[in-house]
Amino acid sequence: AKAEGRLSTQREDVLMFESIQPGCFVVNTTRVIKPSPTNPDDLSEAEREGRYQAKEIMEFLRKEAPGFENAVLMSTGVQIGVRESRRIIGEYVLTAQDLLESREFDDTIALGGYPIDIHNPNGSGTMTVRPPEGFWYRIPLRSLIASKPHNFFMCGRCISATHQAGAAVRVTPIAMATGQAAGTAAVVCAERDGIAKHTPFQEVRKRLLQSGTILS
């Protein structure tokens, strides 16, 4: 279909996930490259391009995918999904080596197991480094504390990580885990002296464990 000009997406595959509603699927196959996420005009153009690709993909599925002959497009993202942009430097910058070696941290507040998954910013292709079966890695509280501005906790894809590490920890389950950790740390910080860097990790860990968080 790409060779015939029926698909303009730079993705090399079709990612599809069945939702909790039978017969409803989430299709993750668009790829918009080059626009600057800090430029509002570029973002508007990226949203136009993303929706155009979604229309193409639906037409492709109806024609090529058994069971999708009468499929309808229910919705697209309300905004273009920005994979990465500017980075905030935290008290610790998480690296790919930290993940691949399952490095121990004294202030672990979340675990993850998703592979390093780097999409080609220039076109087609995805580089994936998968961890061994049964493997997980750790994320430290320090990667959630911004160096500047002070007293600022981060979570989700905004945590302090390199390009490679960010390609792994950006996904929804890990973003939820770091979000819970950042919220818990903010409460503990507010109850103490209000200085993020002084937040006692053991108290944060205690409250996370009490809420059912898995940290080992």
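The rules we used
For every chain, the first residue of the written sequence is number 1, and numbering continues from 1 onward in sequence order. It should be noted that, the model being predicted, local features are given only for residues of pLDDT at least 70 and side-chain atom pairs only at 80 or more, the latter also being counted only at that level, while totals for whole chains, interfaces and linings use all residues. By convention in this description, side-chain values take in all heavy atoms of the structure and omit both hydrogens and water. By the criteria applied, helices consist of DSSP H or I runs no shorter than four residues and strands consist of E runs no shorter than two, each listed in order from the N terminus. Buried means the residue's accessible area, taken with a 1.4 Å probe over protein chains only, is under 20% of the maximum for its type, while exposed means over 50%, and partly exposed covers the values in between. For the purposes of this section, nonpolar cores are sets of buried Ala, Val, Leu, Ile, Met, Phe, Trp, Tyr and Cys residues that join through side-chain atoms within 4.5 Å. It only takes one pair of heavy atoms within 4.5 Å for two residues to be counted as in contact. Think of it this way: DSSP has to see at least two bridges between two strands before they count as a pair. The axes are straight lines fitted to the C-alpha atoms, using for helices just the contacting stretch, and the angles between their N-to-C directions are given from 0 to 180°. Angles are sorted into four bins: roughly parallel if under 35 degrees, roughly antiparallel if over 145, roughly perpendicular if 65 to 115, and oblique for all others. In this scheme, a crossing is called left-handed if the near helix is turned counterclockwise away from the far one by less than a right angle; it is called right-handed if the turn is clockwise. Residue type decides the class: Asp, Glu, Lys and Arg count as charged, Ala, Val, Leu, Ile, Met, Phe, Trp, Tyr, Cys and Pro as nonpolar, and the leftover types, Gly among them, as polar. Stacked, edge-to-face and tilted labels apply to pairs of Phe, Tyr and Trp rings (six-membered ring for Trp) whose centres lie within 6.5 Å, assigned for plane angles under 30 degrees, over 60, and everything in between, in that order.

### Some words on unusual backbone geometry
Here is step 1: A cis amide bond, omega -5 degrees, links Lys148 with the succeeding residue Pro149.
Here is step 2: By the element assignment, Pro149 lies in the loop between β6 (137-140) and α3 (163-169).
Here is step 3: A positive phi angle, near 85 degrees, is found at Lys34, a position not held by glycine.
Here is step 4: If you trace the backbone, Lys34 turns up in the loop between β2 (25-28) and α1 (40-64).
Here is step 5: Assessed through its relative accessible area of 61%, Lys34 is described here as exposed.
Here is step 6: In this structure, Asn151 is a non-glycine residue whose phi angle is positive, near 60 degrees.
Here is step 7: For Asn151, the position within the fold is in the loop between β6 and α3.

### Quick look at the nonpolar core
Here is step 1: Among the nonpolar cores identified, the biggest contains 33 residues, and Leu94, Leu99, Ile109, Ile139 and Val169 are the most heavily contacted of them.
Here is step 2: At the level of secondary structure, the elements contributing two or more residues to this core comprise α2 (96-100), β3 (108-112), β4 (116-119), β6, α3, α4 (172-191) and α5 (201-210).
Here is step 3: Ranked by residues supplied to this core, first place goes to α4 with six residues.
Here is step 4: Setting aside anything within four residues of it in sequence, one finds Val169 in contact with Leu94, Leu99, Tyr137, Ile139, Ile159, Ile174 and Ala175.

### What to know about the pairing of β2
Here is step 1: Across four bridges, the pairing between strand β1 (residues 15-18) and β2 is antiparallel. Along β2, the bridge assignment pairs Met16 with Val27.

### Observations regarding the packing of α4 against α5
In a pair of packed helices, the angle between the axes and the distance between the axes together describe the arrangement.
Here is step 1: Packing of α4 against α5 brings their axes to within 9 Å, and their N-to-C directions diverge by 130 degrees. Considering the angle they form, α4 stands oblique to α5. Considering only the axes of α4 and α5, their crossing is right-handed. When α4 is examined against α5, the residues Gln180, Ala181, Thr184, Ala185, Val187, Val188 and Glu191 are found in contact with a partner set consisting of Glu203, Val204, Arg207 and Leu208.
Here is step 2: In terms of residue class, the contact of α4 with α5 is made up of six nonpolar, two polar and three charged.

### With respect to the packing of aromatic side chains
Between two aromatic rings, the relevant description is the distance of the centres plus the angle of the planes.
Here is step 1: Under the counting rule described, the total for this entry stands at three aromatic pairs.
Here is step 2: Between Tyr92 and Phe105, the ring centres sit 5.4 Å apart and the planes meet at 70 degrees, which makes this aromatic pair edge-to-face. With Tyr92 in the loop between α1 and α2 and Phe105 in the loop between α2 and β3, this residue pair connects regions lying 13 residues apart in the sequence. Neither Tyr92 nor Phe105 differs from the other in exposure class; each is buried.

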